[in-house]
Amino acid sequence: MDKKISLDLPNQIYYVNVPSHAHQNMFSSVFAYDALLASLKDQDHIDLLGYCLLPTSLHILVYSKVPPSNWLEPWLMSYNQWHQNATGESGYLFADEKKKQVLIQPRVMNKALKYIHQIPVINKLCSRAEQYLYSSYHDYMGDQNTGVEVNRALAALSPHNGQRIRRFEDYMLAPESWAVFPLPNGSNDFYSAYADRAYITKAMSKYANDQPDQTEQHHLELWHSCLQALSEVTELDAPTLLGIRRHHSLPDAHFLLVWLYIEVAKGPMYIAAKQLGLDEVTLKLNINSIQLHHPDAYLRYIAQSWQTNTKVA
């Protein structure tokens, strides 16, 4: 659906729903569930608050310290790569055009969490939320530890530690009509959020005033000049060069972009890591392997193309 405004804000809670492409199964085995949860746990920019993993859709509740666009697509791509390596299959697992990203106001966080835990019941996969294996319900009950930050939701239910799990169980199992759960339906300017209009207006106003300083702005402009130069040389689009999509003839295009930015343009590593949603150690290792995988003449050609573009600009 077309969004009227951008609610890609940092330091907010988000419900993210990602369905699979053509209803294919996202999980080839029980180990695939563990692999996806482990990859979520490795995301430094989020706190995982809840999840429900269905065979054909992901439902997660997270507190995102940065705009979700910084980590969501790279995370999905990394799991897709794991799936391909594990199964030998090709293609992209997720239906990006049907993905939902809903900003959740903190005071209704537990209601959103309850909805996520009830999804298997709604889809008639079980009769009670605790019967479904692949959800964060069991983290909150203390039966498993898959990296979920449970204290935020439990503290909102009860100030007393000894009563929290019991209060959580009562709250989650209390009957409620989920057919009228007010998820976004497109009838309001703020339909990408489950929050009061005043809350969203304040969040957007604060974000608009949080502009990067001139030094970081310069580094970002340098990054985009490298992206443009590499796009002209390789004739690949931005999503491919950013690692969102993979191209069969240049699967490491995003690391080639980082090599150009770091080694030729002399940009800082943290900007590249932020733009791709990867850690700096991974980037350093892959930069070192670029010269092993590509001829020196090809790398010199890329460097000269960037220098030419920079002089023209």
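Our subject is the structure listed above.
Quantities reported herein were computed from a predicted structural model and do not represent experimental measurements. Residue indices follow the written sequence of each chain, beginning from 1 at its first position. Under the rules for a predicted model, residues below a pLDDT of 70 receive no local features and side-chain atom pairs below 80 are neither given nor counted, while totals for whole chains, interfaces and linings still include all residues. Side-chain numbers come from the whole structure's heavy atoms, not from hydrogens or water.

**A closer look at the pattern of salt bridges**
This is how it is decided: The term salt bridge refers to a pairing of a side-chain nitrogen on Lys or Arg with a carboxyl oxygen on Asp or Glu at a separation within 4 Å. Only DSSP runs of H or I covering at least 4 residues are called helices, and only runs of E covering at least 2 are called strands; the numbering of each starts at the N terminus. Only protein chains enter the area calculation, which uses a 1.4 Å probe; residues under 20% of their type maximum are buried, those over 50% are exposed, and those in between are partly exposed.
Scanning the model with the defined rule gives five salt bridges in all. A salt bridge links lysine 99 to glutamate 73, with the nearest nitrogen and oxygen atoms 2.2 Å apart. One end of the pair, lysine 99, is in the loop between helix 2 (72–87) and strand 4 (100–104); the other, glutamate 73, is in helix 2, with 26 residues separating them in the sequence. A relative accessible area of 23% means that lysine 99 is categorised as partly exposed. Put simply, arginine 128 and glutamate 130 hold a salt bridge, and the shortest N to O gap is 2.5 Å. Accessibility expressed as a relative area gives 39% for arginine 128, which makes it partly exposed.

**Structural notes on the packing of aromatic side chains**
Applicable threshold: When the centres of two rings from Phe, Tyr and Trp lie within 6.5 Å, Trp using its six-membered ring, the rings pair. Their planes under 30 degrees apart give stacked, over 60 give edge-to-face, and anything left gives tilted.
Tallied over the full model, the rule gives twelve aromatic pairs. Consider the rings of phenylalanine 27 and tyrosine 33, whose centres lie 4.0 Å apart with planes at 15 degrees: the pair is stacked. Exposure remark for phenylalanine 27: the relative accessible area of 5% places this residue in the buried category. Pairing tyrosine 140 with phenylalanine 168 gives two aromatic rings, centres 4.8 Å apart and planes at 15 degrees, and the pair type is stacked. Pair noted here: tyrosine 140 is in helix 4 (residues 137–140) and phenylalanine 168 is in helix 6 (residues 164–173), with a separation of 28 residues, a long-range link. Residue tyrosine 140 is classed as buried on the basis of its relative accessible area, which comes to 1%.

**Here's the deal with the sheet that holds strand 1 (residues 12–19)**
Keep this limit in mind: One requirement defines pairing of two strands: DSSP has to find at least two bridges between them.
An order of 2-3-1-4-5 is seen for the five strands of this open sheet, with the pairing classed as mixed. Each end of this open sheet is capped by a strand with a single partner; those strands are strand 2 (46–54) and strand 5 (193–194). Bridging between strand 4 and strand 5 involves two bridges; their strand directions are parallel. The partner of leucine 103 across the bridge, within strand 5, is alanine 193.

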